[in-house]
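Understanding the architecture of this molecule
These are the residues of each chain, in order.
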Amino acid sequence: MRKRLSSMFVIAILIPVMIIMIYHLFVLDWLNSHNQQKLDTYGENTSITMTQNISLMLGNLVNAAQTFTYSHEVQSMAAGELAINPVRINNIIMMAQRYNPDSMDVLLTDMSGTTYSLKGYLSQVVEQYVKEYAGQHYTSHQPATFTIFELDTNKTPYLLYSAPVFATNMAAHYGKQIGVISILCSTKQLQTILQSTDDMQAELVYADTGQVLLKNSHLYPKGRIYTQRIPNTGLELRCTASGIGTDDESSFFLKHIVISIIIMVLLFIYLAWIVHRLFLKSIMQMNREICLLNQQDTTARLRNIPENEIGSIATYINQMLDTVHGLNQRMTENLERLYQADLLKKKTQLYAYQSQINPHFLYNMLQCMRGIALTRDMRDIADICTSMATIFRYSIKGETQVPLERELFITDLYLNMLRVRFQDRVQYMIDVDPALGAHRIAKLTLQPLVENAVFHGLAPNGYEGTITITAQIEYDQLYLKIHDDGVSIKPNVLKSLRQQMESPIQMETEMDEDAHIGIINVHNKLRLCYGMEYGLRIESKVGDTTVTVLLPLQEAL
């Protein structure tokens with residue numbers, strides 16, 4: 001029977017899955033062909049449009065250069081018959097500026113190979129580069145050429161067009177090359193044309209060598225490439241496209257997605273009916289019978305047992321009910337009683353320890369206020385009262401877990417009151433990374449330890465010394481350290497403290513002045529809150545006592 005159920009389930013799943021896969025393969029093949037056609041059309045049209053715009057721009061640059069080369073004044077200057085004077089051809093320079101608003105300078109190389117700037121608005125580095133290039137262009141008798149370059153000093157690309165100047169207006173040099181006219185432009189307009197598409201990578205390259213002169217920032221290294229030659233420039237535009245998205249295409253995809261979803265919903269409805277008929281009907285029947293087992297009738301068992309895997313489960317459940325029901329009931333009752341008793345004990349102990357810490361703290365605060373009143377004027381008392389009210393409100397709030405930054409704030413208020421009381425003889429430093437402030441600790445953990453350090457460690461030295469508080473994380477545990485440079489704990493007292501800290505938690509703790517009641521109470525409170533492996537560690541030697549608080553990491557929610 002198990003084999004029959006498994007076979008039926010596999011067949012019921014495979015049939016709709018195969019139908020969905022075949023349908024999507026056909027749709028995917030058609031969509032790929034359709035998208036490729038649209039991509040080719042888009043790539044060709046976009047590259048042609050960009051090529052026309054670049055050709056028009058470069059054509060304007062060629063026209064401006066030809067205006068210079070046919071000028072009688074320019075030819076005379078190049079032949080050395082007239083001195084180089086931009087004023088003589090100012091109207092031509094202005095016209096060239098109208099042809100190409102991005103033009104930066106016009107340079108003329110005469111028969112001697114010397115290059116002169118006709119506008120003189122370039123930096124020295126750029127002007128020197130252009131003059132060297134124009135001089136080499138003249139001496140090598142190159143035809144008109146376009147080039148794009150950038151210098152390491154500013155990383156700004158420039159467009160340079162250099163055209164030979166032939167003598168057409170003077171008999172002495174007629175037909176000979178007498179110089180070179182060079183027009184330097186910024187590449188802003190070219191960059192605008194290349195950036196006009198967001199779907200393609202556009203590159204302006206040398207047609208012969210393929211060297212990239214200028215490109216936009218879009219990168220499609222594995223797309224289809226469309227190349228357009230720019231006439232009479234020796235340049236070509238190379239565009240790379242990897243995809244295209246249009247509203248029509250999005251609508252087309254959406255229709256197919258909707259169709260696919262409808263088909264899948266219908267198929268899964270069919271699957272749900274099959275699964276319900278083969279499995280869920282039996283499971284629901286068994287579930288109804290299991291719900292009836294919650295009644296007091298301990299003899300109730302599952303009765304409708306089908307002859308398949310579900311029937312085997314029902315049989316095992318009946319066997320478990322026969323052997324475990326009574327034992328489980330008694331165990332549940334015992335565990336409930338133990339849990340309630342343990343919970344009540346912990347709540348009682350926590351309340352007792354908290355009640356011991358708070359009166360002890362308030363008593364010392366009252367002593368502090370008394371000392372202030374005797375040695376200072378009323379303003380100091382007002383400050384102390386404000387701090388004490390804040391601390392008191394903090395201590396009586398119902399929450400037991402607080403962020404570390406809040407606990408440090410309350411401790412800072414308390415230490416500041418002690419510093420004022422003892423006329424700056426008590427100094428302190430809190431060196432804790434603010435990033436640790438979100439970790440939660442038990443409330444009133446640090447204040448009793450600081451109080452113990454002052455009134456047991458610094459008091460024999462006339463309340464003179466320094467309290468230091470630090471924090472660090474090691475092995476997913478939080479370590480808080482309270483250090484004082486007062487007198488050390490006597491060896492016999494330290495030994496007694498450690499014995500009490502290692503012993504089981506006791507509710508009764510004698511209020512002896514030398515018993516360090518604050519340390520014991522905080523230690524027991526931490527063990528109740530976090531477990532017996534957490535709490536306090538004490539190290540003490542002459543002039544160096546450190547109490548370490550070991551806590552688990554608990555970040556704020």
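A few points on the structure.

Rules used throughout
- Residues numbered from 1 in each chain as written.
- Predicted model: local features only at pLDDT ≥ 70, side-chain atom pairs only at ≥ 80, totals over all residues.
- Heavy atoms only, no water.
- Axes fitted to C-alpha atoms, helices over the stretch in contact; angles between N-to-C directions.
- Helix = DSSP H or I, 4+ residues; strand = E, 2+ residues; numbered from the N terminus.
- Parallel < 35°, antiparallel > 145°, perpendicular 65-115°, else oblique.
- Left-handed = near helix turned anticlockwise from the far one by under 90°.
- Contact = heavy atoms within 4.5 Å.
- Nonpolar A, V, L, I, M, F, W, Y, C, P; charged D, E, K, R; others polar.
- Core = buried A, V, L, I, M, F, W, Y, C linked by side-chain atoms within 4.5 Å.
- Buried < 20%, exposed > 50% of the residue type's maximum accessible area, 1.4 Å probe, protein only.
- Expected span 1.5 Å × (residues − 1).
- Pairing = 2+ DSSP bridges.

**Re the packing of helix α10 (residues 446-458) against helix α12 (residues 517-530)**
- Two elements in contact, α10 and α12, have axes whose closest approach is 8 Å; the angle formed by their N-to-C orientations is 155 degrees. As far as their axial angle goes, α12 and α10 are roughly antiparallel. Relative to α12, α10 is oriented so that their crossing is left-handed. Of α12, the residues touching α10 (which contributes Pro448, Leu449 and Asn452) are Gly518, Ile519 and Val522.
- In terms of residue class, the contact of α10 with α12 is made up of four nonpolar, two polar and no charged.

**Quick look at the nonpolar core**
- With 50 residues, the main nonpolar core has Leu480, Ile482 and Leu536 as its most contacted residues.
- By residue number, the principal contributor to this core is helix α9 (residues 404-421), which donates eight residues.
- The residues touching leucine 536, leaving out its near neighbours within four places in the chain, are Leu449, Met501, Ile519, Val522, His523, Leu526, Val547, Thr548 and Val549.
- Val62, Val106, Phe146 and Ala241 belong to the second-largest nonpolar core, a separate cluster that totals 47 residues.

**Things to note about α10**
- The first and last C-alpha atoms of α10 sit 17 Å apart over 13 residues, in line with the 18 Å expected at 1.5 Å per residue.
- Burial runs high along α10: twelve of the 13 residues are buried.
- Inspection of α10 places Leu446, Gln447, Pro448, Leu449, Val450, Glu451, Asn452, Ala453, Val454, Phe455, Gly457 and Leu458 among the buried residues, and these make up the whole buried set.

**Concerning the sheet that holds strand β7 (residues 212-215)**
- Across the sheet, which stays open at both edges, the four strands sit in the order β7-β6-β9-β8 with antiparallel pairing between neighbours. Edge positions in the sheet fall to β7 and β8 (224-230), since each has one partner strand and no second. Pairwise comparison of adjacent strand axes, ignoring direction, gives a mean angle of 25 degrees for this sheet.
- Looking at chain direction, strand β6 (residues 200-206) and β7 are connected through three bridges and run antiparallel. In the strand pairing of β7, glutamate 203 is matched with lysine 215.

The values are spatial; any link to function lies outside them.
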